[in-house]
Structure formats: structure tokens, C-alpha cells
Amino acid sequence: MRMPESRRLGGSPARGLPMQADSYWKGSLRHPFPIAQPSGTAMRSLLVISIVAVLCVGSAKAIAEPPQEKTAHLNGALDLSCTGNIHAEAIKSWERTTRAYVSEQITDNLNKKGDVYVLYNMQVRLQSFVEMTRRCKDRLQITQLVDALTPVFDSLKPLPDAPATRGWVCTGGSTCTSANHLLGQEVQLCSAQFLGLLGALATNIAETLPEEQRSAAERVFVTNTASTIAAQLDHWLSPDYFKWVEARSKMTPAEAVDGQSKYFFADRDLWFMTSLADLAELHQAGIRLDAAGAKAFKSLQSKRNQIAGMFNLFQARTTLINTSSGKRAEIDRGYWRNYGDSRYALYSTAVSPVTCHKNMFGLMQKSFRVESKASYIDTNLGWDFSHARRLVPALDTLVRNRPNLAAVFGYRAPDFDPAKLQQAFARQIVDKIWNKDMQHPLFTNFWDGSNGWYRAGYDNGTGSCRPGEMPYSLAWSFPTGSYPQWGSFNSTIRSLSQQIYLLIHSSDTESKAFIDKFYPQLQLQSKPGDYRDIWMMVFSSSLVGLASPSAMQLPQK
């Protein structure tokens, strides 16, 4: 099944894509550049602007009374069990839309065209679904995921700067160009993020299916995954990388005097940790590696001290703040304040400070309506809300594999408690990021609770220009970024997730208008093949298997 171009994921840049890959790395390591970002937020209707203007001044008031009318099948409790209707909806979306989309993207765009950003997008679209199949032991869907993802191994080839290591090299697509020096190169973030998805599915198989019950294809898949993770990590975790880890471990926020990314604890660091944990689990489960993977694994085990430094850096860059309800957590607090994407973190008006237009030569050019100044810069700024979604799969695997990390890589820091970190990061959402409106939940653009413009005047390295993301524009990262999974231990997140689901399915006009303005990616569609069907699969998957059906009731104001 092929989706019409305008209806496929990514066909509508305003609403079809999440915040994408980043140019966080400097120095001797390859620079990944971001791909095209949503840009439709800058030209919303006057009605949207008027609503956002009220929200952006920091008011936590409810913007409307709770909807009085619900669709009939949603009255009462929601069945979020592994045998319930929401689980069935996620499976249905997978079958009618996502499965064909994944196959098309891998076959046409990755294997034929060499567009490695397919890898990045697959993780975003499939991680929640893979985790649902782990919780619900969905045997058929695990098999189907293996069949869908196995062809990615056909695209592995010797890396230009390390011919002895096989990886994914960008040879096509719209983002890798000669101008940004990505064409013909590995884009490390895409590969690292995708390994997080492969590792999740491989460990899912190891946990769910005894070896004698695995098909031949599943045995090959887990071996290929473990071997690829080992080879890639051994290549990436180089002396230069470990020097960078050591340098950052000695930094303070005050030293981040400009916008260079060399100061940051970046999302690729988190993916490296995620894959190390997955690899440790696969090793302890007795998964066999190929010759290159076995050699790389042995090399990784010789880097135990440096690997410990990676995990220690993560702990050092996590700020725990005491509150009356417990600790909340921020990531890389203060290091991102001068970064170009964040220059307007405290500029919360409804109109972008930047305009984008074509000049007389047909090239995109940006003009500043409002120049950035000190009062728009958040001195405590860390990650944005969209990129922080990586915390969910990372902490999930770290919680599962704390003993395996100790056994395989010798990391036994007594103060490393990923379960408590999960709770602290979840509490940050409730205390600082959520707008405190239970009936119409929204979430700020930045993890510390700031809600100004994100990426105003953004250029992803291809000569484009984006007006940026207005306040609350990254709120949709909550339902599509796996955050609802934290509802398994945080009742407020569980209730907020449920309320958004109910608003999406509500038949009353006000609820429909709210979803259309703030969560347009999750509008219900009557026909398969629409990208919103895929985002609903992502959202539904992250709700399922977390609590008994009787426990889930419509939240009260």
C-alpha cells in the first residue's frame, strides 16, 4: 500500500514530523545535521494566536470547562489492558497503515536511495509499539516487526572513515548534501537512535520468547542486532569520544559561554548508554554474535573504566531538585542557554521573532522582527521537551539492566538508581512542564518549564528557514513521545494521557477545536494510510498494559 504523497508521513511538513535530528557534535566527530522540521506553527489563524497568547503569559487557568459529550464507546472506564479495545486499536493501526509505511520507507528510501534519516524516523514511530508488544507479549506483532526491520541490515556497508566497521552511510535523500558534508558519510545520530529501536526489539525477543520458540528469522535478527550494536559502539566509543566525556565531566554551566555544542550532554550520549544496556542484556541472555561483533564486544569490555565515565557524566548532568512531593529532575541544566535553538526560550508572544522569505535569487532568507537579548535567554535552560523523549526508552532499559551493566561492563556505582530517576523526571513533567489544566493539558517547549519560541529562524543545514515553534507547539511530544508509559508509576501522567485520549475521541465542538489547534497530529481519520493513523498507534501503544482496566477513569477537574 502506498500512501498519496500529501498524505504520507512527512508529506505535510507542518504536522507530519517530530523535532528531528540535531547538529550537536563538534570536534573530530562527524556532525549530524537536522532534517526538515515542522514549520506550520508560525502561520496559525488569528483564533489560534489569541488562544496561545492567553496561555503563554504563564496562566495555569483552565481554558474551557470539561467537555460534556463523549462518544458512546468511551463513556466510563477505558480498557487499557492487553486484551482491551485500545490495544486492539494500536494493532489495527499497525496492520492497516504503519506496517506498509515501514516496509516502503526501508525498501525505497533507505535501501534504494540511501536516506539514513529513515532510521531516525523508524525509532520515533515504532519504539512505543515495540514496548507495548513487550508488555503484552504480542507474539504475532513481534514476528511482523522482525520481518519489517530485518531488511535494514542489507544497507550496512564499510564506513568511509573506518572500512573495517560496517554501518549505515547516507547516499541520498533530501538532507544529506555536499553542502552540509553529510553525503557519503555516516550520520551518527541516525544510526545511534535506530540501534535503540533494534535493541528494544531484540531484548523483547530474548525476554518474551524462549530460544526453542524463536523462528529462524528471529534468531538471525537478534544475532545481527547484537553484533551491529557491538561493532558500532566499539567504533564510536573511541579515544577522542572518551576525551570529550572527560572534558565535559569537569565543566560547569558557567563555562558554556557561547552556543557551541561541545558543552552538552547530547542525546547520542544517551543512546550509547541505552545500547550498552541492551547489549549487556543480550549477552547475559546467551545471544551469539558474529565474528566481528564478538571481537568488538571483547574490545568494549576492555573499556570499562571509560564506559563508567559515560554513566557518571549522565548522573552529573542530571540535577535533582527537592519538592514537597519528592525529587524532580532536569537534564543538562544551564548548559544550553546560549544555544542558537534556544535564544528565545523566554520570548513567549504568539508571533515568531523571525520571518522567512525568499530573496530575489529564490533562496530562503530570514529577517529578525525581534532581536534576541538577555531577557529572552533562560539561564537555567537544558533540553527541550521533544528531545527529552529519549529519556523514556533509555531509562526503561537502564532500569531493566542495572544488574547486567554491572555483570558485563562492571558499572556498579551505588548512587546509580535509574528507577528513582524515572520518577524524578516524571515529576518534572507534572510540576513544571504541564500547564496544570487537567481538562485541556498542554506542555511547555522546554524541560525546565520555559515556554518561549524554539528554533526561531531554524536552518537544518540545507539552506532552509523555519519561523520556529511557538509556545506549546512541542506539547504533542507528550502523547507521541512515549511519556504516557510513565503513567505506570505516576498517577497524574496516567490521568493526563487518558484525558488527551478522551479529547481526541470526543464529539463535542470545543474538544475537537482544542485537538485541532494543539495536537493536530492526533486528529482522528476515517481512512487508513493517513500519517495521523500512525501517530495514534504511537500514542495508543504507550497507554496499554500499564494498569488494570477498572483503574482508569476520566480525570476530574
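Within each chain, residues carry numbers counting from 1 in the order of the written sequence. Only residues with pLDDT of 70 or above have their local features reported here, since the model is predicted, and side-chain atom pairs are shown and tallied only from 80 upward, although totals for entire chains, interfaces and linings are computed over all residues. Side-chain metrics in this entry use all non-hydrogen atoms of the structure; hydrogen atoms and water are not considered.

Asks: Sorry if this is basic, but what is going on with the nonpolar core here?
Replies: As a rule of thumb, nonpolar side chains are buried together in soluble globular proteins. Here, the term nonpolar core denotes a set of buried Ala, Val, Leu, Ile, Met, Phe, Trp, Tyr and Cys residues that are joined through side-chain atoms within 4.5 Å. Burial classes: relative accessible area under 20% of the type maximum marks a residue as buried, over 50% as exposed, and values in between as partly exposed (1.4 Å probe, protein chains only). F443, W447, W486 and Y519 are the most contacted members of the largest nonpolar core, which has 143 residues in total. Each helix is a run of DSSP H or I of at least 4 residues and each strand a run of E of at least 2, with the numbering of both proceeding from the N terminus. Counting residues per element, this core draws most heavily on helix α5 (residues 188–208), at twelve residues. Any two residues whose heavy atoms approach within 4.5 Å at even a single point are treated as in contact. Leaving out residues up to four positions away in the same chain, W486 has contacts with L391, V392, L395, Q422, F425, A426, I429, W447 and I493. If you look at the next biggest cluster of nonpolar residues, it comprises eight residues, including Y347, V354, Y376 and A456.

Asks: In this structure, what is going on with the pattern of salt bridges? I would like to understand it.
Replies: For this document, the term salt bridge refers to a Lys or Arg side-chain nitrogen within 4 Å of an Asp or Glu carboxyl oxygen. All told, the structure shown has 19 salt bridges when counted by the stated rule. In this structure, the salt-bridge partner of R248 is D269, at a minimum N-O distance of 2.7 Å. With R248 in helix α7 (residues 239–249) and D269 in helix α8 (residues 267–284), the pair connects residues that are 21 residues apart, well separated along the chain. For E281, the salt bridge identified is with R400, shortest N-O distance 3.6 Å. With E281 in helix α8 and R400 in helix α11 (residues 391–409), this pair connects stretches of sequence that are 119 residues apart. On the basis of relative accessibility, which here comes to 8%, the residue E281 falls in the buried class. Residue R400 is classed as partly exposed on the basis of its relative accessible area, which comes to 27%. Each of the salt bridges in this network shares a partner with another, and the network as a whole consists of E131, R134, E207, D278, E281 and R400.

Asks: Honestly, the packing of α7 against α8 in this entry has me stumped. Any pointers?
Replies: In a packed pair of helices, the relevant descriptors are the angle between the two axes and the axis-to-axis distance. To obtain each axis, a line is fitted to C-alpha atoms, and for helices this fit is confined to the stretch in contact; angles are then taken between N-to-C directions over 0 to 180 degrees. Across the interface, α7 lies against α8 with an axial gap of 13 Å and an inter-helix angle of 115°. Considered as vectors, α7 and α8 are oriented roughly perpendicular to each other. Here α7 runs over α8; the crossing is left-handed. Contacts between α7 and α8 involve Y241, W244 and R248 from the first element and R268, D269 and F272 from the second. Polar here means any residue outside two lists: the nonpolar Ala, Val, Leu, Ile, Met, Phe, Trp, Tyr, Cys and Pro, and the charged Asp, Glu, Lys and Arg; Gly therefore counts as polar. Across the contact of α7 with α8, the residue classes break down as three nonpolar, no polar and three charged. When describing relative orientation, an angle under 35 degrees is termed roughly parallel and one over 145 degrees roughly antiparallel, while 65 to 115 degrees is termed roughly perpendicular and anything else oblique. Here is the rule for handedness: rotate from the far helix to the near one, and if that takes an anticlockwise turn smaller than a right angle the crossing is left-handed, while a clockwise turn gives right-handed.

Asks: Looking at this structure, how should I read the pairing of strand β8 (residues 364–368)?
Replies: Side chains on a regular strand alternate between the two faces of the sheet. Strand pairing follows a simple DSSP-based rule, namely that at least 2 bridges must link the two strands. When strand β7 (residues 354–358) meets β8, the two strands line up antiparallel, connected through five bridges. Note on β8: the bridge partner recorded for H357 is Q365. The hairpin turn running from β7 into β8, its antiparallel successor, is five residues long, and G362 in that turn takes a positive phi close to 80°.

Asks: Sorry, what's going on with unusual backbone geometry here?
Replies: Peptide bonds are, in most cases, trans, and in most cases residues other than glycine have a negative phi. With a phi angle near 65°, H181 is a residue other than glycine that sits in the positive phi range. Assignment of secondary structure puts H181 in the loop between β3 (169–170) and β4 (185–186). Judged by its relative accessible area of 57%, H181 falls in the exposed class. One non-glycine residue, K436, adopts positive backbone phi at about 70°.

Asks: What am I meant to see in a nonpolar patch on the surface here?
Replies: By definition, no residue in a patch forms a salt bridge, and every one has over 30% relative accessible area; like charges are joined within 9 Å, nonpolar side chains (Val, Leu, Ile, Met, Phe, Trp, Tyr) within 5 Å. To be clear on the numbers: accessible area is Shrake-Rupley with a 1.4 Å probe, and residue cover counts the displayed protein chains and nothing else. There is a patch of nonpolar side chains on the surface, built from M360, F361 and L363 and spanning about 430 Å² of accessible area. Tracing the sequence through the fold places M360 in the loop between β7 and β8.

Asks: Please explain the environment of R139 as it appears in this structure.
Replies: Residue position: R139 is located in helix α4 (residues 139–149). Taking the C-alpha atoms as reference points, R139 and I205, separated by 66 residues in sequence, lie 9.2 Å from one another. Aside from chain neighbours lying at most four places away, what touches R139 is L209, Q213, R214, S215 and E218.

Asks: Sorry, what's going on with the environment of S450 here?
Replies: Checked against the element boundaries, S450 lands in the loop between α12 (418–433) and α13 (477–480). S450 sits in the buried class, given a relative accessible area of 9%. When the C-alpha positions of S450 and Y472 are compared, they lie 9.9 Å apart, and in sequence the two are 22 residues distant. Once you skip the residues sitting within four places of it in the chain, S450 turns out to touch A345, L346, D378, L381, T444 and N445.

Asks: What exactly am I supposed to notice about helix α2 (residues 85–112) here?
Replies: Residues spaced three or four apart along an α-helix point in a common direction, a consequence of the helix completing one turn every 3.6 residues. To estimate the expected span of a helix, count its residues, drop one, and scale the result by 1.5 Å. Between the first and last C-alpha of α2 there are 38 Å, a value that for 28 residues agrees with the 40 Å anticipated at 1.5 Å per step. Just beyond α2, the residue with positive phi is G114, at close to 80°.

Asks: Looking at this structure, I do not really get the state of the cysteines. What am I missing?
Replies: Cysteine pairs can be linked by a disulfide, which is a covalent bond between their two sulfur atoms. Here, two cysteine sulfur atoms that lie within 2.5 Å of each other are counted as a disulfide. Enumeration according to the criterion identifies two disulfides in this entry. Shown here is the disulfide that connects C82 with C136, its sulfur atoms set 2.0 Å apart. Sign of the S-S torsion, about -75° for the bond between C82 and C136, identifies this disulfide as left-handed. You can see C82 sitting in the loop between α1 (46–56) and α2 and its partner C136 sitting in helix α3 (residues 117–136), a full 54 residues away along the chain. A disulfide bridge connects C170 with C176, and the sulfur atoms are separated by 2.0 Å. Between C170 and C176 the disulfide shows an S-S torsion of about 105°. By sign, it is right-handed. With no disulfide partner, C190 has as its closest neighbouring cysteine sulfur the one in C176, 7.1 Å distant. Under the relative-accessibility criterion, C190 is labelled buried at 0%.

Asks: I would appreciate a short explanation of the packing of aromatic side chains in the present structure.
Replies: Each aromatic ring pair is described using two quantities: the centre-to-centre distance and the angle formed by the ring planes. Paired rings are identified among Phe, Tyr and Trp, the last through its six-membered ring, by centres lying within 6.5 Å, and are further divided according to the angle between planes into stacked (under 30 degrees), edge-to-face (over 60) and tilted (the rest). Tallied over the full model, the rule gives 32 aromatic pairs. Centre to centre, the rings of Y241 and W244 are 6.2 Å apart; their planes meet at 75°, and the pair counts as edge-to-face. Of the two residues, Y241 and W244 both sit in helix α7, three residues apart, roughly one turn of that helix. Comparing Y241 with W244 shows no difference in burial state: the two are buried. With a centroid separation of 5.8 Å and an interplanar angle of 80°, the aromatic rings of F446 and Y454 are classed as edge-to-face. Each member of the aromatic cluster is reached from another via a ring pair, and the members are F385, F425, F443, W447, F478, Y483 and W486. Positioned above the aromatic ring of W244 is the side chain of R248, whose terminal nitrogen or guanidinium carbon lies 3.5 Å from the ring centre. The side chain of R317 reaches across the aromatic face of Y335, ending 3.6 Å from its centre. Charges are assigned to positions over rings by a cutoff of 6 Å between ring centre and Lys NZ or Arg CZ, combined with an angular limit of 35 degrees from the ring normal.

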